[in-house]
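Here is what each chain is made of, one letter per residue.
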Amino acid sequence: MLAKPWRPRLTPSGKPPKQAEYLARDKLAWLLVMQAMLILPLLFNLPFWLWLVWAITAFWRTQMFRGRWGTPGSLVKTLLALICAGGLFASYAGKTGTETMVGLLVCAFSLKLLEVNSGRDAQLLLFIGFIITATQFLFSQTPQAAAYALLCVVLLLASWRSLYLTHAQSTGMRFKRGGMILLHALPIMLVLFVVIPRLGPLWAIPNQQAAKTGFSDSLSPGDLGNLALDRSPAFRVGFADQPPPVNQLYWRGLVLDTFDGRTWRMRDTWGVQSRAPNDDKAIKRELTDYSIIVEPHGQPWLFSLMTAQRVENTSNSIRITADSLLMNRIPVAQRMRYQVSSALQIEWPEPPQLNKLQRDNYTRLPRDSNPQTRALAESWRSQNLGDAQIIAQALALFNREFTYTLQPPLLGQHSVDEFLLTTKRGFCEHFSSAFAFLLRAAGIPARVVVGYQGGRWNPVENYLLVSQSDAHAWTEVWIEGTGWQMIDPTAAVAPNRIQQGMNEALGESDQQLVANAWRSSKLLYNLQLRWDAATYTWQRWVLNYDSEAQEGLLSRLLGGTETWRITLWLIGLGLVGAGLFAWALLRNQKGALLRPETKAVKKLEQKLAQLGYRRKTGETLGDFIHRVLYSEPQLKNGLTQIAQLFEQVAYQNRPEQLPQLQQAVKQFPR
């Protein structure tokens with residue numbers, strides 16, 4: 001009886017079942033490394049337990065490859081997804097926002113690894129990886145972050161290319177090929193960056209947990225002293241013309257007009273009225289134009305010189321308040337750029353006036369607060385001294401008996417009394433608070449202003465860097481017939497603080513607190529200046545490349561921004577690029593088809609041609625060398641060695657001899 005021939009089992013559609021695909025070990029290893037590199041920078045801003053999620057999935061997938069664990073079923077995968085969703089809900093207290101969505105994406109990216117069994121699955125994972133790379137810019141847009149993102153893109157391209165390799169290839173070669181793919185795409189990316197209409201950057205989306213840095217909307221003794229040790233940048237300023245003198249670089253942030261006996265506060269951060277229309281009747285003197293790139297600080301206020309007249313930014317989200325402050329519509333959660341025009345001097349055609357309610361607000365003090373200071377101010381007023389004389393008396397008091405220090409003694413309930421009459425040691429907030437209290441007690445309207453003073457000029461890119469350590473508090477006093485005038489009592493105690501910076505005004509013990517290795521070494525200091533200049537250039541020309549900057553650049557490059565003009569230039573660039581690419585392909589095609597040992601022999605033929613010997617068509621290398629040696633026997637050693645090495649590499653499959661062959665050809669005929 002004849003056996004029936006074997007036939008494959010068919011599916012209901014009549015086709016043979018598809019065989020299962022499995023990833024090779026090196027391809028799986030590349031996927032694991034790729035995931036770790038892409039997730040790493042995100043976990044500094046997301047819940048740290050997401051690392052555990054990725055580690056569990058990576059270990060599980062490795063065990064699946066080794067055949068020790070099975071593929072998780074639908075119930076297990078559903079359970080893992082619910083655990084991740086519950087963890088994100090608990091971490092963000094049920095709030096949804098940027099971090100929550102990115103965290104959910106990272107969870108899906110990690111869990112997807114358990115389903116990767118074929119090249120198609122791995123390709124989908126790589127596509128998600130490109131999106132993960134883009135989300136890195138939601139949290140950091142520094143040059144370092146951009147360089148890291150480019151490295152991630154190279155790794156993604158190398159991993160993608162590895163899926164289609166049919167032979168072993170070194171890690172360095174895979175990275176090199178991935179980098180070449182990116183280099184080929186960079187010209188197109190740059191052209192699109194320049195000409196595509198600006199829709200607003202991805203990183204403009206506000207974060208749920210925007211870090212709050214700098215000062216707050218209240219001021220108590222010791223608040224700004226803590227900031228004096230912080231060297232991180234607050235904002236950078238580029239001036240249209242020459243910058244004002246240092247003693248005019250007072251960057252106003254907040255006006256604090258309410259005092260409870262110890263702390264100054266702003267009445268209403270969000271509900272401050274916009275500037276009244278009649279303010280435009282003033283005569284502005286010394287109008288200064290400048291642009292500011294402010295670091296994210298998690299608060300709505302911005303900074304400007306006194307007195308801001310105009311402000312512009314891409315989203316038109318900034319307004320000028322009645323106190324000439326700048327307020328953004330939302331807290332500053334990402335780095336932003338805006339342009340300001342300030343009038344450093346203002347003359348009024350009619351003397352400005354405070355109404356009764358305003359005067360009461362700016363002279364109000366809490367009852368039974370700091371009685372000794374009240375008595376001092378009342379004694380000055382009882383001597384029939386005018387406002388200007390009382391102000392001069394207060395400044396003279398500070399100049400005679402007080403010390404500027406980062407380590408003032410702690411103050412009790414009547415903080416101004418203790419500071420003025422007992423400790424007499426303080427930082428800028430102590431002087432401004434006591435000065436404003438003295439004037440209010442004497443019936444003179446006064447308020448405390450917090451912001452920054454001075455800054456460090458960077459000559460590399462010609463801009464001013466204002467750091468958190470430049471945080472400062474001063475006083476604005478109402479002068480009848482003139483209006484609000486800035487008076488800095490700290491300048492009466494430590495004038496070096498205003499002219500040369502905080503470090504020059506501190507004593508030896510305080511100098512040790514603010515000691516900086518970067519400042520002590522000229523080389524390190526110059527390196528720091530250049531690095532910060534590079535950061536400023538990156539922020540100015542890349543991060544802040546908005547529609548206005550695009551229009552200006554295209555007008556300079558193309559002569560206009562009309563659609564037909566941009567289209568013609570794009571077509572021209574495309575033709576030039578295609579021509580260069582075709583030329584490079586044709587130029588390298590012949591060389592790319594030759595094996596390395598054949599290229600070495602071609603170089604040998606070029607050297608022998610200079611001696612008058614040319615290889616004939618169809619002539620073997622051995623016959624050619626034999627013919628040369630018949631006339632040039634002195635070349636025997638070199639040519640014989642080259643012939644032997646070529647035979648070993650080309651016919652005996654000994655590629656390790658290739659470097660010796662190339663070296664022998666290079667040294668021939670020595």
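Now for a look at the structure at hand. (Residues numbered from 1 in each chain as written. Predicted model: local features only at pLDDT ≥ 70, side-chain atom pairs only at ≥ 80, totals over all residues. Heavy atoms only, no water.)

Our next topic: the packing of aromatic side chains. Pairs of aromatic rings are described using the distance from one ring centre to the other and the angle between the two planes. By the definition in use, this model includes 27 aromatic pairs. The interplanar angle of 85 degrees and the centroid separation of 6.0 Å between the aromatic rings of phenylalanine 646 and tyrosine 651 together place this pair among those described as edge-to-face. By relative accessible area, which is 13% here, phenylalanine 646 ends up buried. Through a chain of ring-to-ring contacts, three or more aromatic side chains come together here, namely Phe235, Phe239, Trp251, Tyr290, Phe303 and Tyr452. (Phe/Tyr/Trp six-rings, centres within 6.5 Å; stacked < 30°, edge-to-face > 60°. Buried < 20%, exposed > 50% of the residue type's maximum accessible area, 1.4 Å probe, protein only.)

In this structure, proline 47 sits in the loop between α1 (25-39) and α2 (49-65). Spatially, the C-alpha atoms of proline 47 and glycine 87 are 8.9 Å apart, while their sequence positions differ by 40 residues. Look past the residues within four positions of proline 47 in its chain and what remains in contact with it is Ser91 and Tyr92. (Helix = DSSP H or I, 4+ residues; strand = E, 2+ residues; numbered from the N terminus. Contact = heavy atoms within 4.5 Å.)

Turning to the nonpolar core, a few remarks are in order. Judged by nonpolar contacts, the single largest core of 80 residues is most densely connected at Phe235, Trp251 and Tyr338. It is helix α13 (residues 428-441) that provides the largest number of residues to this core, a total of nine residues. Every residue in contact with phenylalanine 235, bar those within four places of it in the chain, is listed here: Trp251, Ile292, Ile293, Val294, Glu295, Phe303, Tyr452, Leu464, Leu465 and Val466. By size, the runner-up hydrophobic cluster in this structure holds 38 residues, among which are Val106, Cys107, Leu138 and Ala158. (Core = buried A, V, L, I, M, F, W, Y, C linked by side-chain atoms within 4.5 Å.)

A few words on empty space enclosed by the protein. One pass over the structure, following the stated rule, counts three cavities of 30 Å³ or more. If you add up the space inside the second largest cavity, you get close to 60 Å³. Taken together, Pro221, Arg262, Leu411, Ser415, Val416, Phe419, His430, Ser433 and Ala434 make up the lining of the second largest cavity. Of all the secondary structure elements, the ones that give two or more residues to the lining of the second largest cavity are α12 (415-423) and α13. Here the residues of the lining of the second largest cavity sort into five nonpolar, three polar and one charged. (1 Å grid on protein atoms, 1.4 Å probe; cavity = no way out; pocket = protein on both sides within 12 Å on 5 of 7 lines; lining within 4 Å. Points joined across faces, edges and corners; volume = space filled by probe spheres on them. Nonpolar A, V, L, I, M, F, W, Y, C, P; charged D, E, K, R; others polar.)

Count 3.6 residues to each turn of an α-helix, and residues three or four apart come out pointing the same way. In a regular helix each residue adds 1.5 Å, so 17 residues correspond to 24 Å; helix α5 (residues 119-135) covers 25 Å between its end C-alpha atoms and thus fits that length. Residues of α5 that are buried: Ala122, Gln123, Leu125, Leu126, Ile128, Gly129, Ile132, Thr133 and Thr135. Each element contacted by the buried residues of α5 is listed here: α1, α4 (98-111) and α6 (143-162). (Expected span 1.5 Å × (residues − 1).)

Turning to the packing of α1 against α6, a few remarks are in order. Contact geometry for α1 and α6: axes closest at 10 Å, N-to-C directions at 160 degrees. Judged on the interaxial angle alone, α6 and α1 are roughly antiparallel. Crossing hand, α1 versus α6: left-handed. Across the interface between the two elements, Lys27, Trp30, Val33, Met34, Met37 and Leu38 of α1 pack against Tyr148, Leu151, Cys152, Leu155, Leu156, Ala158, Ser159 and Ser162 of α6. Within the contact of α1 with α6, the residues separate by chemical class into 11 nonpolar, two polar and one charged. (Axes fitted to C-alpha atoms, helices over the stretch in contact; angles between N-to-C directions. Parallel < 35°, antiparallel > 145°, perpendicular 65-115°, else oblique. Left-handed = near helix turned anticlockwise from the far one by under 90°.)

Counting buried positions over the seven residues of strand β3 (residues 250-256) gives seven, a clear majority of the element. Sheet topology note: the β3/strand β14 (residues 446-453) ladder contains six bridges and is antiparallel. Counterpart to tyrosine 250 in the pairing with β14 is glutamine 453. (Pairing = 2+ DSSP bridges.)

We now examine the side chain of glutamine 453. Within the secondary structure layout, glutamine 453 lies in strand β14. Judged by relative accessible area, which is 2%, glutamine 453 ranks as buried. Polar contacts involving the side chain of glutamine 453 include one to the main-chain carbonyl oxygen of valine 246, which spans 3.1 Å. Setting aside its immediate chain neighbours within four residues, glutamine 453 contacts Val246, Leu249, Tyr250, Trp251, Asp470, His472, Arg497 and Ile498. (Polar contact = N/O pair within 3.5 Å; in protein donor to acceptor, adjacent residues only side chain to side chain.)

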